[in-house]
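# Notes for the structure review
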Amino acid sequence: MLLIWPALLGVVVLPSLGLWLLGRRLNVPAWLLWLFLAAGWLTVIVGWFLSQRAQPFLFPDTSPCYGAGIPVSRYFPPDSYCRHADGELRTVNGPLGKIVFWTALGTTVAVPVAVLVRRRLES
């Protein structure tokens, strides 16, 4: 339990704080920074969930592939599959999670581009 707090600090808080301070120094509006950070962390969390969905965590029978095949993960674009006896890969993720991932990723990429375009137009 004691290792969770330093890991959380190093992986989530410090990068977020660094990006926030850099954005404020560059006079990026606060709402754009909030949007960027929220979309970025949503991308990471949903991507991890999508890629690990077929993997068994505590018990093998918790996997959607239990009894049907072998779990296979792909990290980008994130997806999880079951490899069946005939060699076919079938996804275990529905379209909603993929839509959320791609929307969050698009927002995460679009915000810095919008800031650069705004800076170019102002100067």
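A few points on the structure.

## Examining the nonpolar core
Membership of the largest hydrophobic core is limited to six residues, which are Val28, Leu32, Leu33, Phe36, Val111 and Val115. At the level of secondary structure, the elements contributing two or more residues to this core comprise helix H2 (30-52) and helix H3 (95-122). Broken down by element, the residue count for this core peaks at three residues, all from H2. Once you skip the residues sitting within four places of it in the chain, Val111 turns out to touch Leu32, Leu35 and Phe36.

## With respect to the layout of surface pockets
In this structure, the largest pocket encloses a volume near 230 Å³. The wall of the largest pocket is formed by 13 residues, among which Gly23, Val28, Leu33, Pro112 and Val115 lie closest to the centre. When contributions to the lining of the largest pocket are tallied by element, the ones reaching two or more residues are helix H1 (4-25), H2 and H3. The leading source of residues in the lining of the largest pocket is H3, at five residues. Its residues placed into classes, the lining of the largest pocket shows eleven nonpolar, one polar and one charged.

What counts as what
Residues numbered from 1 in each chain as written. Predicted model: local features only at pLDDT ≥ 70, side-chain atom pairs only at ≥ 80, totals over all residues. Heavy atoms only, no water. Core = buried A, V, L, I, M, F, W, Y, C linked by side-chain atoms within 4.5 Å. Buried < 20%, exposed > 50% of the residue type's maximum accessible area, 1.4 Å probe, protein only. Helix = DSSP H or I, 4+ residues; strand = E, 2+ residues; numbered from the N terminus. Contact = heavy atoms within 4.5 Å. 1 Å grid on protein atoms, 1.4 Å probe; cavity = no way out; pocket = protein on both sides within 12 Å on 5 of 7 lines; lining within 4 Å. Points joined across faces, edges and corners; volume = space filled by probe spheres on them. Nonpolar A, V, L, I, M, F, W, Y, C, P; charged D, E, K, R; others polar.

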